[in-house]
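Summary of the model geometry
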Amino acid sequence: MTGRIKFTKMQGAGNDYIYVDTTQCVVERPAEFARRWSDRHTGIGSDGLVLIGRSPVPEADFTMRIFNADGSEAMMCGNASRCIGKYVYERGLTDKTTLRLLTPAGVRTLTLHPRGAGRVESVTVDMGEPCLADRSLVATADGSLADGPVAACGRQLRGTFVSMGNPHLVVFTADAETADVARLGSSLEVSPLFPQRCNIEFASLLDGGGIRARVWERGSGITMACGTGACAVAVAAALTGRAGRKTTVVMDGGSLDIEWSGADNHVYMTGPAEFAFDGEVETA
């Protein structure tokens, strides 16, 4: 039987997703619909599908589930978190400017920065502490990789592993603009070094300050931005002495301000969130 589901298209720094409020619409096959709707030729077009729900536990206000364009479920997405903050505030689901979002990676705190007429200009997300070693994610003796060797497409590169709820490998290059993101990123994503696959960032320092980064997202391919990826880039830059603990990461879709706090070891990400359009899609 054919049904219809209401959705909202949103983007944060160019990282675009289809958002469905599951308190209004039930999505019974999210992985299938993520693949179908994300197709930029035959579907709505997006980096994936995000489901917004009411939290079943008092420790959080709302929930987020996120499915990549290939249907795989992600643990966390910084850009999508910011968009959810804007969505629930501007659509009247809450009047709070500090929200707790339950994700598969744990509870994340969102601080909304409203401007006139109830509009949210930007959102800061407490992304939690970075994880630098996890043997389930990195096939090394201690589950870490700090500016260590990685092989891709017959080349020897050096990368740093950082997990922000999902795994990232940050590869610093002389010029991120010229990095072969598609070829090297797709190879590194499925490297035996990463048992659960990996997100890949190619980064270089900017002359005027900040870091330029380009992204290959696990399950989605090249994307305009990645919030957890920007955090991973900033942490990797600080770990390797390339930058301080506060920096701006410039991605294809825009800039994100990242601070790795020395007080609580949490990473804080601030950036924009925007509506694109609303629509309805058939489920048959």
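Residues numbered from 1 in each chain as written. Predicted model: local features only at pLDDT ≥ 70, side-chain atom pairs only at ≥ 80, totals over all residues. Heavy atoms only, no water.

Examining the overall build of the chain
Heads up, the rule is: Think of it this way: any DSSP run of H or I at least four residues long counts as a helix, any run of E at least two long counts as a strand, and we number them from the N terminus. Computation of the radius of gyration draws on C-alpha atoms, with the globule rule given as 2.2 Å multiplied by the number of residues to the power 0.38. The contact rule is simple, with two residues in contact once any of their heavy atoms fall within 4.5 Å. In this description, accessible areas are obtained by the Shrake-Rupley approach with a 1.4 Å probe, and a residue is regarded as covered only by the protein chains that are shown. Charge assignment in this entry is limited to Lys and Arg as positive and Asp and Glu as negative, and neither His nor the chain termini are counted. Think of each charge as sitting on NZ of Lys, CZ of Arg, CG of Asp or CD of Glu.
Along the chain, the regular secondary structure elements total four helices and 18 strands. Taking 2.2 N^0.38 as the reference for a compact globule, 284 residues should give roughly 19 Å; the C-alpha atoms of the chain span a radius of gyration of 18 Å, in line with that estimate. Taking all contacts inside the chain whose residues are at least 6 apart in sequence as the whole, residues at least 24 apart take part in 60%. Accessible surface for the chain amounts to roughly 11700 Å². Of this, 49% is attributable to carbon and sulfur atoms. Seen as two clouds, the 28 positive and the 33 negative side-chain charges of the chain have centres 2 Å apart.

A look at the pattern of salt bridges
What counts here: What counts as a salt bridge is simple: a side-chain nitrogen of Lys or Arg found within 4 Å of a carboxyl oxygen of Asp or Glu. Exposure classes here rest on a 1.4 Å probe applied to the protein chains alone. A residue is buried below 20% of its type maximum, exposed above 50%, and partly exposed in between.
Taken as a whole and assessed by the stated rule, the structure comprises 18 salt bridges. The salt bridge partner of R40 is D47, with a shortest N-O separation of 3.1 Å. Where D180 meets R183, a salt bridge forms, and the shortest distance between an N and an O atom there is 3.0 Å. For R183, a relative accessible area of 41% corresponds to the partly exposed category.

Thoughts on the pairing of strand β7 (residues 106-115)
Looking down a regular strand, the side chains alternate between one sheet face and the other. Filter applied, for reference: The rule for pairing is simple: two strands pair if DSSP sees at least two bridges between them.
The sheet contact formed by strand β6 (residues 98-103) and β7 spans six bridges and is antiparallel. Across the sheet, the residue bridging to R100 is T109, located in β7. Hairpin connection between β6 and β7: a loop of two residues separates the two successive antiparallel strands. In this sheet, strand β8 (residues 119-126) lies alongside β7 in antiparallel orientation, the contact comprising seven bridges. What sits directly across from L110, in β8, is V125. Counting the residues between successive antiparallel strands, the hairpin from β7 to β8 contains three residues, one of them, A117, with a positive phi of roughly 60°.

Brief notes about the state of the cysteines
Our working rule: Whenever a pair of cysteine sulfur atoms sits within 2.5 Å, that pair is classed as a disulfide.
With the rule as written, the count across this model stands at zero disulfides. Looking at C231, it has no disulfide partner, and the nearest cysteine sulfur is the one in C226, 8.5 Å off. On the basis of relative accessible area, C231 is assigned to the buried category, the value being 0%.

Things to note about the nonpolar core
Taken as a class, soluble globular proteins show a tendency for nonpolar side chains to be buried jointly. Rules: Buried Ala, Val, Leu, Ile, Met, Phe, Trp, Tyr and Cys residues that are joined via side-chain atoms within 4.5 Å together make up what is termed a nonpolar core.
Among the nonpolar cores identified, the biggest contains 52 residues, and Y19 and I258 are the most heavily contacted of them. Per element, the largest residue contribution to this core is eight residues, and it comes from helix α4 (residues 227-239). For Y19, the contacting residues outside a window of four places in its chain are F7, T8, M10, V50, I52, N79, A80, C83 and I84.

Description of helix α2 (residues 78-90)
Cut-off, in case you're wondering: Here a helix's expected span is defined as the number of its residues, less one, multiplied by 1.5 Å.
Spanning 13 residues, α2 covers 19 Å between terminal C-alpha atoms, matching the ideal 18 Å at 1.5 Å per step. With 13 of 13 residues buried, α2 lies mostly within the body of the structure. Directly beyond the C-terminal end of α2, a positive phi value near 80° is found at G92.

Digging into the side chain of R82
Operational definition: Polar contacts here mean pairs of N or O atoms no more than 3.5 Å apart (in protein, one a potential hydrogen donor and the other a potential acceptor; neighbouring residues in sequence count only if both atoms are side-chain atoms).
The residue R82 is located in helix α2 in this model. Of the side chains with opposite charge, E274 lies nearest to the buried R82, which makes no salt bridge, at 9.1 Å. A distance of 2.7 Å separates polar atoms of two side chains, one belonging to R82 and the other to N79. R82 has contacts with G12, A13, V123, V125, L256, M269, G271, P272 and A273, leaving out every residue within four places of it along the chain.

Regarding the packing of aromatic side chains
We apply this condition: Centres within 6.5 Å are what make two rings of Phe, Tyr or Trp a pair, Trp counting through its six-membered ring; a difference in plane orientation under 30 degrees is then read as stacked, over 60 as edge-to-face, and the rest as tilted. A ring has a charge above it when a Lys NZ or an Arg CZ is no more than 6 Å from the ring centre and no more than 35 degrees off the ring normal.
Applying the stated criterion across every chain, the model contains four aromatic pairs. Here Y17 and Y19 contribute two aromatic rings whose centre-to-centre distance is 6.5 Å and whose plane-to-plane angle is 80°, an arrangement assigned as edge-to-face. A relative accessible area of 1% means that Y19 is categorised as buried. Ring centres of F33 and W37 lie 4.7 Å apart, and the angle between their planes is 5°; this geometry places the pair in the stacked category. Remark: W37 and F33 occur in helix α1 (residues 30-38); sequence separation between them is four residues, near one turn of the helix. On the basis of relative accessible area, F33 is assigned to the buried category, the value being 2%. Against the face of W260 rests R245, its NZ or CZ located 4.1 Å from the ring centre.

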